[in-house]
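Results of the structural survey
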Amino acid sequence: MEDLVANLVAIGIVEKKAQEAAGNKKLAATMVDVLNEAGVPPCEGSAGKLIYFAATKFPGNALTHRPMLLKYIVEGKLKSDPMVLGALEYLGKVGTEAVDVDAFESAGGVGVETTAEQIKEAVTAVIEAKRDELLEQRYKVNVGLLLGDIRKQYPFGDMKLAKEELEAAQLDLLGPKTDEDLKKPEKKKAPKEPKVKEQKATAEPEAPPPDPYKFFPAPNENNKVHTEIHFSDGEIWRPKNSPAKLKEHLEKTGGQIWTRFPPEPNGYLHIGHAKAMHVDFGFAREYNGVCYLRYDDTNPAAESREYIDHIQEIVKWMGWEPWKITYSSDYFQELYDFAVELIKKDKAYACHQTGDEIKASRETHTDSPWRNRPIEESLRIFEEMRDRKWEEGKVTIRMKMDMKNENMNMYDLIAYRIKHMAHPHAGDKWCVYPSYDYTHCIVDALENITHSLCTLEFESRRASYYWLLQSLDTYLPYVWEYARLNITNTVLSKRKLNTLVTEKHVSGWDDPRLLTLSGLRRRGAPPLAINKFCASVGITRNENMVGMHVLEYFIRDELNQTASRTMVVAHPLKVSIANAPSGGGQTITSA
């Protein structure tokens, strides 16, 4: 941090602003990269401030061209804010495509010289054109509009000089400001309209609710840098879809929104999954897209047919209709082939470290002793793993990422491990199973998911997600994380719920004291009430705790509108009427 502050001060940034930049984790990382790309400090004149300005305004879809723009600034070819803004606007339109140097220089005004004399002439022309207006309104005329006229004529001129000349010309024309000029203009109150007696009119249809998904980019806008992957050796990856990759993807999806709801079939779904369904299925429905129900079934030891059947049934009860029902295990062959490709690219290896040894090496940032073994040897061992020649726990396939990275999710994650057991969906064909971290992103790419939406605890995995897809040169889905659902006085952890069920603390997954969806159904909660509750919570990134009373309100409100009501006399009394008229009874109907 101290080095960054010193370097920013050295290029002309005031110390307070430099400290604020260094204290902002994202901006600090950007500034370190920018200073390295620009080769500063040192730099001359106003170049340092322009470098800082460009760093904060640079379009995310054109980061590959940032070194080029910084070079133009350092060499003095872009020497003012308007010039840099013009160049940035051009690069934002170009994105990842090749830059037309002539068009870039034209947009940035490279070589355009605007003299002080030209600025003075432009000011004189504007003052003359607005003379009558100035004499009438004096200093109440908006100077910004006058500067706008000058900027149109000289877009790369010195607007600070233009403002000084404009103020001097006003003074020459109007003289010093009078007391009347210094008075604040009175706010004109709009005349009150006479009240008209309201007449009852036919009810107008309610306005549609606000779109909670409108901030997501459209599928054809998925050409920006998704994240920056920083390596311990200083290398930086900026994964993004090439125009060709994006075009191929859009041809397969028809430009539609394609999402997925990807539960692991290792337990019953709870109300947190209801929020995920609202995000994934709801987004697709809102934009006439499609949503997969995909089982992320990579761990046969924890999965069962009971959970698979329950998930499908509860998704239907919640009112959602999957476009397709798929399983990660449907792609086991493709996943295996990709692992072979990684090994051939020297981006994966066979490792014999135990679980405890891997944990210890991650704590000390130490490479596995088998990390640099020959590629042919890792390929042979992987094939032997598939042919059941190795025992469980004796060998894994790990991705060769970065053991010294600041992000622990880059510590050579496991891609494949051995489990000598049948799979509830794939049967007994396989004994090597891919990990969740390896599988999830690849299947997103294979299924052409446009928006991969998940909760915030997966944010730190974004680097490993894109590292793998970039290494395999696949299509890159857009990833966005939202806050998970937290409700007071309850348990929303599948692991903890599983403990309560298996240790018989509750009667089962559908115990009405639990906020599993089957438990809520047994309690009598309508699915529409649960969906309305999820819609009210929203899909922001702000972590919060929602009171149980909020959920109960939506359940009560829905039941008030839909539940049938019946009056009953719980303990009737027999009454004899002594003076009733003879000859029959009398029927009385209540109002």
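Our subject is the structure listed above.
These lines cover the structure that appears in this document, whether it is placed above or below. (Residues numbered from 1 in each chain as written. Predicted model: local features only at pLDDT ≥ 70, side-chain atom pairs only at ≥ 80, totals over all residues. Heavy atoms only, no water.)

1. Points about a negative patch on the surface
So the rule is basically this: Patch building starts from residues that exceed 30% relative accessible area and form no salt bridge, then joins like charges within 9 Å and nonpolar side chains (Val, Leu, Ile, Met, Phe, Trp, Tyr) within 5 Å. The method behind every accessible area is Shrake-Rupley, applied with a 1.4 Å probe, and residues are considered shielded solely by the protein chains displayed. A carboxyl oxygen of Asp or Glu within 4 Å of a side-chain nitrogen of Lys or Arg is what we treat as a salt bridge. By the counting rule applied here, Lys and Arg register as positive and Asp and Glu as negative, while His and the ends of each chain are not counted. By convention, the point assigned to a charge is CZ for Arg, NZ for Lys, CD for Glu and CG for Asp. Numbered from the N terminus, helices here are DSSP runs of H or I no shorter than four residues, and strands are runs of E no shorter than two. Relative accessibility thresholds used throughout: buried, under 20% of the residue-type maximum; exposed, over 50%; partly exposed, between the two (1.4 Å probe, protein chains only).
On the surface, Glu128, Asp132, Glu133 and Glu136 cluster together into a negatively charged patch. For the negative patch, the element with the highest residue contribution is helix α9 (residues 131–137), accounting for three residues. By secondary structure assignment, the location of Asp132 is in helix α9. Relative accessible area serves as the criterion here: at 63%, Asp132 is assigned to the exposed category.

2. Observations regarding the nonpolar core
For clarity, the threshold we go by: Among the buried residues, those of types Ala, Val, Leu, Ile, Met, Phe, Trp, Tyr and Cys that are joined through side-chain atoms within 4.5 Å form a nonpolar core. The contact definition used throughout considers only heavy atoms, calling two residues in contact when any of these lie within 4.5 Å.
Counting 45 residues, the largest nonpolar core has Phe261, Ile271, Met277, Val315, Leu517, Ile530 and Phe533 as its most contacted members. Of all elements in the fold, only α14 (271–286), β4 (290–295), α15 (305–317), β11 (478–482), α22 (517–523), α23 (527–537) and α24 (548–562) reach the threshold of two or more residues within this core. In terms of residue count, the dominant contributor to this core is α14 (eight residues). Those residues in contact with Ile271, other than ones at most four positions away along the chain, are Leu485, Ile487, Leu492, Leu515, Leu517, Leu520, Ile530, Phe533 and Leu551.

3. Let's talk about the sheet that holds strand β6 (residues 348–351)
Inclusion rule: Any two strands between which DSSP finds at least two bridges are classified as paired. Convention adopted: a line fitted to C-alpha atoms gives each axis, helices being fitted over their contacting stretch, and angles between N-to-C directions are expressed from 0 to 180 degrees.
Across the sheet, which stays open at both edges, the four strands sit in the order β6-β7-β8-β9 with antiparallel pairing between neighbours. Two strands lie at the open edges of the sheet, namely β6 and β9 (432–434), each paired on one side alone. Neighbouring strand axes in the sheet, compared pairwise and without regard to direction, differ in orientation by 20 degrees on average. Alignment of β6 against strand β7 (residues 396–399), held across four bridges, turns out to be antiparallel. The residue of β7 that forms the bridge with Tyr349 is Arg398.

4. Some details on the pattern of salt bridges
Taken as a whole and judged by the stated rule, the model has 29 salt bridges. Lys77 is paired through a salt bridge with Glu75; the nearest N and O atoms lie 3.4 Å apart. With a closest N to O distance of 3.8 Å, Asp296 and Arg294 form a salt bridge. Members of the salt-bridge network, linked through shared partners, are Arg260, Asp280, Arg294, Asp296, Asp444 and Glu447.

5. Let's talk about the pairing of strand β10 (residues 451–455)
Spelled out, the test is: Here, the term right-handed applies to a crossover whose path from the first strand over the helix to the second runs clockwise when the strands point away from the viewer.
Burial runs high along β10: five of the five residues are buried. Side-chain alternation along β10 places His451, Leu453 and Thr455 on one buried face and Ser452 and Cys454 on a second face that is also buried. Bridge analysis of β10 against β11 gives five bridges, and the strand direction is parallel. If you follow His451 over to β11, its bridge partner there is Tyr478. What joins β10 to β11 is helix α20 (residues 462–472), and the crossover it makes is right-handed.

6. Regarding the state of the cysteines
Applied cut-off: Two cysteine sulfurs form what is called a disulfide whenever their separation falls within 2.5 Å.
Per the counting criterion, the structure on display carries zero disulfides. Here Cys351 stays free of any disulfide, with the sulfur of Cys431 as its closest cysteine sulfur at 18 Å. Unpaired in terms of disulfides, Cys534 finds its nearest cysteine sulfur in Cys291, a separation of 14 Å. The class for Cys534 is buried, based on a relative accessible area of 1%.

7. Examining the sheet that holds β4
Strands sit in the order β3-β4-β5 across an open sheet of three strands; the sheet is parallel. Looking at strand neighbours, the two that pair on one side only are β3 (258–261) and β5 (324–327), the edges of this open sheet. With strand direction ignored, the average angle separating the axes of adjacent strands in the sheet is 30 degrees. Along the sheet face, α14 touches β3 and β4 and points at about 160 degrees away from the line of β3.

8. Remarks on the packing of helix α4 (residues 47–57) against helix α5 (residues 66–74)
This is how the line gets drawn: Oblique is the label for any angle not covered by the other classes, which are roughly parallel (under 35 degrees), roughly antiparallel (over 145) and roughly perpendicular (65 to 115). Crossing handedness is defined as follows: a turn of the near helix away from the far one that is anticlockwise and smaller than a right angle gives a left-handed crossing, while the clockwise case is right-handed. Only Asp, Glu, Lys and Arg are considered charged in this grouping, and only Ala, Val, Leu, Ile, Met, Phe, Trp, Tyr, Cys and Pro are considered nonpolar; every other residue, Gly among them, is considered polar.
At their nearest, the axes of α4 and α5 sit 9 Å apart, and the two run at 160 degrees to each other. The orientation of α4 with respect to α5, classified from their angle, is roughly antiparallel. α4 and α5 meet at a crossing whose hand is right-handed. In this structure, α4 contributes Ala47, Leu50, Ile51 and Ala54 to the contact, and α5 contributes Leu69, Leu70, Ile73 and Val74. Considering only residue class, the contact of α4 with α5 consists of eight nonpolar, no polar and no charged.

9. Looking at helix α21 (residues 494–502)
Put simply, the test is: Arc definition: directions from the helix axis to the C-beta atoms.
Turning to α21, its buried residues are Lys494, Leu497 and Val501. One side of α21 holds all its buried residues, which, seen down the axis, span an arc of 60 degrees. Pointing more than 90 degrees away from the buried face of α21 are the exposed residues Arg495 and Thr502. Buried residues belonging to α21 abut α14.

10. Considering α15
Stated formally: The length a helix should cover is 1.5 Å for every residue beyond the first.
Taking 1.5 Å of rise per residue, the 13 residues of α15 would be expected to cover 18 Å, and the 18 Å separating its terminal C-alpha atoms lies within 8% of that figure. Along α15, the residues that are buried comprise Tyr307, Ile308, His310, Ile311, Ile314 and Val315. Seen end-on, α15 carries its buried residues on one side only, within an arc spanning 165 degrees. Of the surrounding secondary structure, the elements contacted by the buried residues of α15 are β3, α14, β4, β5, α21 and α22.

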